[in-house]
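# Descriptive structure summary
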Amino acid sequence: MKKLLLCALLALMTTPTIFAQDYKDKITLVIHGGAGTITRQNMTPEREKAYKEALTMALLKGHQVLKQGGTSLEAVEAAVRVMEDSPLFNAGKGAVFTSEGKNEMDAAVMNGKNLMAGAVASVTTVKNPIRAAIAVMESSPHVMMMGKGAELFAEKQGLEIVEPSYFHTEARYKALERARKEEKVELDHTEKEKKAVKKGSKTGAVTPQDNLIFTEGKKFGTVGCVALDQYGNLAAGTSTGGMTNKRYGRVGDAPIIGAGTYANNTTCAISATGHGEYFIRSVVAYDVSALMEYKGLSVQQAADEVVMKKLVERGGEGGLIALDRQGNIAMPFNSEGMYRGYVKADGTIEVLIYKEER
Ligand code: ASP
């Protein structure tokens, strides 16, 4: 009897180590940099190279955190920050403009271990909105803060605050001018933008940055990351500037828990990109999780069901990345392409852009 008890005690004591060991081989990080009309015809070798380099850098940063024993949340933050600091993506530095000519950003994070979540909406001065979302989760009793209050909170938390002009990029401003002319709300790239930039007409000369960012066609440039750490915990994060020419105060799906961002250790972690209004109405991220939980679907089946069936039927363009606790990845999108990539425990990296690479 004594022996039995001792064995049970030993087993209990070693269980966490065994688990950690198990998940050490499974650590995985997946990112997206937006979906949309991204085709080989729209791409130049320079542009492709720039995006691939930025995506690879984000993957490497996140992987380094996971490898060194960091949490999935820390890895998500590290990877998303790389993309927020790049003007190539519609998040942080490269955020698009509202109809009033401002950059209003949204971001969210969720921890799959304890279902804690944090989000900010319509912030204009926080250099890395993903950090502010984490601060809301970790240092406030709330889930979402917006506008001035969120900015004040971020400042009090010691986060880096910048002038709104930090987010001004010529390329994005030109996109706003074009959208204003056509009186429409645009996802950050459209075919028309592409043609306009190619002609170099309408809004002025083509800058190298225009060439990098705008000639690829319609694109939802939100960034996101999902990760699994060596402790077996999932996390998700999403950051965006939203949609070009969006009305003042418009908030998309990215900061809405269950729409653009969700994580739950019992199912998966998800970050979405696409036409936010559709994603909010379809509660996309939670729907993927619910299909796994209630219907027993795999992460791939659940993600495909939502993105390739439900969203398509409803006219919602975009995609998502999803990751389960076994390290299984799904990256479906119903648009032409999606900037995406993943890194596995052994350091294998894959960066993909086009549809045919699926
Ligand atoms: N989902 C974002 C929004 O609607 C846009 C994007 O994915 O680029 O705000």
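One can find the structure itself at the top, above this paragraph.
Summarised in this report is the structure supplied together with it. (Residues numbered from 1 in each chain as written. Predicted model: local features only at pLDDT ≥ 70, side-chain atom pairs only at ≥ 80, totals over all residues. Heavy atoms only, no water.)

### Here's the deal with the overall build of the protein chain
Put simply, the rule is: Helix numbering and strand numbering both begin at the N terminus, where a helix is a DSSP run of H or I of at least 4 residues and a strand a DSSP run of E of at least 2. Three exposure classes are used, based on accessible area relative to the maximum for each residue type with a 1.4 Å probe and protein chains only: buried under 20%, partly exposed in between, and exposed over 50%. Two residues form a contact once any of their heavy atoms are found within 4.5 Å. Method for areas: the Shrake-Rupley scheme with a 1.4 Å probe, in which residue coverage is limited to the protein chains shown.
The helix and strand inventory of the protein chain stands at eleven helices and 13 strands. By residue count, 59% of the 358 residues in the protein chain fall in the buried class. For the protein chain, restricting intrachain contacts to residue pairs at least 6 apart in sequence, the fraction spanning at least 24 positions comes to 71%. Surface summary for the protein chain: the accessible area is close to 14600 Å², and the carbon and sulfur share equals 57%.

### A closer look at the sheet that holds strand S10 (residues 318-324)
Keep this limit in mind: Two strands pair if DSSP finds at least two bridges between them. With axes taken as lines fitted to C-alpha atoms, and helix axes fitted only over the stretch in contact, angles between N-to-C directions fall between 0 and 180 degrees.
Across the sheet, four strands lie side by side as S8-S9-S10-S11; this open sheet has antiparallel pairing. The open sheet has two edge strands, strand S8 (261-263) and strand S11 (329-330), and neither has a second partner. The pairing of S10 with S11 spans two bridges and is classified as antiparallel. Looking at S11, one finds that Leu 323 is bridged to Ile 329. Strands S8, strand S9 (268-274) and S10 of the sheet are contacted by helix H10 (residues 284-295), whose axis makes an angle of about 145° with S9. In this fold helix H11 (residues 299-314) packs onto S9, S10 and S11, with an angle of close to 160° to the strand it touches most, S10.

### Some words on the packing of aromatic side chains
How we decide: Two rings from Phe, Tyr or Trp (for Trp, the six-membered ring) form a pair when their centres are within 6.5 Å of each other. A pair whose planes differ by under 30 degrees is stacked, one over 60 is edge-to-face, and the rest are tilted. Counting as a charge over the ring demands two things of the Lys NZ or Arg CZ atom: a distance within 6 Å of the ring centre and an angle within 35 degrees of the ring normal.
Within the structure shown, the criterion is met by five aromatic pairs. With a centroid separation of 5.0 Å and 90° between ring planes, the pair formed by Phe 97 and Tyr 173 is classed as edge-to-face. Of this pair, Phe 97 sits in the loop between helix H3 (72-84) and strand S2 (105-111) while Tyr 173 sits in helix H6 (residues 170-181); the two residues are 76 residues apart in sequence, bridging distant segments of the chain. Classification of Phe 97 by relative accessible area gives buried; the value is 1%. Using a relative accessible area of 22% as the deciding quantity, one classes Tyr 173 as partly exposed. Aromatic rings pair up to connect Tyr 51, Phe 89 and Tyr 339 into one cluster. It is Lys 93 that lies over the ring of Tyr 166; its NZ or CZ is 4.7 Å from the centre.

### Examining empty space enclosed by the protein
Selection rule: A cavity here means a set of 1 Å grid points, computed over protein atoms only, where a 1.4 Å probe fits but cannot escape. A pocket is an open set with protein on both sides within 12 Å along at least 5 of 7 lines, and lining residues have an atom within 4 Å of a point. Grid points are joined across faces, edges and corners, and a volume is the space filled by probe spheres set on the points. Three classes are used, and their members are as follows: Ala, Val, Leu, Ile, Met, Phe, Trp, Tyr, Cys and Pro are nonpolar, Asp, Glu, Lys and Arg are charged, and the others, Gly among them, are polar.
Applying the stated criterion to the full structure yields two cavities of 30 Å³ or more. Roughly 80 Å³ of internal volume is contained in the largest cavity. Lining of the largest cavity is provided by 14 residues; of these, Thr 222, Thr 240, Gly 242, Asp 253 and Gly 274 occupy positions nearest its centre. Split by residue class, the lining of the largest cavity holds four nonpolar, eight polar and two charged.

### Looking at H11
Definition in use: Expected helix span is computed as 1.5 Å times (number of residues minus one). Take the seven residues that end at a residue and the seven that start at it, fit an axis to each, and the angle between those axes is the bend at that residue.
In this model H11 runs 21 Å from its N-terminal to its C-terminal C-alpha over 16 residues, within 8% of the 22 Å that 1.5 Å per residue would give. At Glu 305, H11 shows its largest kink, close to 25°. On its buried face, H11 sits against S9, helix H9 (276-281), H10, S10 and S11. Immediately downstream of H11, the backbone of Gly 315 shows phi near 85°, a positive value.

### Here we look at the nonpolar core
In plain terms, the rule: The nonpolar core is taken to be a set of buried Ala, Val, Leu, Ile, Met, Phe, Trp, Tyr and Cys residues, with the residues joined through side-chain atoms within 4.5 Å.
Core analysis: the biggest nonpolar cluster contains 55 residues, and Leu 29, Ile 31 and Phe 89 have the highest contact counts within it. The residues contacting Phe 89, other than those within four sequence positions of it, are Gly 33, Tyr 51, Ala 54, Leu 55, Met 83, Gly 94, Ala 95, Arg 172, Gly 221 and Val 223. Of all hydrophobic cores here, the second largest spans 38 residues; its members include Ala 117, Leu 228, Val 306 and Ala 330.

### A closer look at the site of the ligand
Our working rule: In these notes, residues near a molecule or strand are those with any non-hydrogen atom within 4 Å of it. Throughout this description, a polar contact denotes any pair of N or O atoms lying within 3.5 Å of each other; where both atoms belong to protein, one of them has to be capable of donating a hydrogen while the other can accept it, and for residues adjacent in sequence the pair is counted only when both atoms sit in side chains. The rule for placing a molecule in a cavity or pocket is simple: more than half of its atoms must lie within 2 Å of the grid points.
The immediate surroundings of the ligand are formed by Phe 220, Gly 221, Thr 222, Gly 242, Met 243, Arg 250, Gly 252, Asp 253, Thr 273, Gly 274 and Gly 276. Arg 250 is positioned such that a nitrogen or oxygen atom in its side chain is 2.8 Å from an oxygen atom of the ligand. For the ligand, whose accessible area on its own is 270 Å², the fraction buried by protein is 100%. Among the detected pockets, the ligand sits in the largest cavity. Within the shell around the ligand, the residues separate by chemical class into two nonpolar, seven polar and two charged.

### Quick notes on H6
With twelve residues, H6 should cover 16 Å at 1.5 Å per step; its first-to-last C-alpha distance of 17 Å lies within 8% of that length. Turning to H6, its buried residues are Ala 171, Arg 172, Lys 174, Ala 175, Leu 176, Arg 178 and Ala 179.

### A few points about the packing of H3 against helix H4 (residues 129-139)
In plain terms, the rule: Under this scheme an angle from 65 to 115 degrees is roughly perpendicular, one under 35 degrees roughly parallel, and one over 145 degrees roughly antiparallel; angles in between are oblique.
It is at 8 Å that the axes of H3 and H4 come closest, and there the two elements cross at 150°. Judged by the inter-axis angle, H3 sits roughly antiparallel to H4. On H4, the residues that touch Leu 73, Glu 77, Val 80, Arg 81 and Glu 84 of H3 are Pro 129, Ile 130, Arg 131, Ile 134, Met 137 and Glu 138. Residue composition of the contact of H3 with H4, grouped by class: six nonpolar, no polar and five charged.

### Some details on the pairing of strand S3 (residues 116-123)
Here is the rule: When the strands point away from the viewer and the path from the first strand over the helix to the second turns clockwise, the crossover is right-handed.
When you tally the buried positions in S3, you get seven out of eight residues, the bulk of the element. Examined bridge by bridge, S2 and S3 share six bridges and lie antiparallel to one another. Across the sheet, Val 109 pairs through a bridge with Gly 118, a residue of S3. Across three bridges, the pairing between S3 and strand S4 (residues 144-146) is parallel. Counterpart to Val 120 in the pairing with S4 is Met 145. Read from S3 through H4 to S4, the crossover connection turns out left-handed.

Scope: geometric values only; no functional claims are made or implied.
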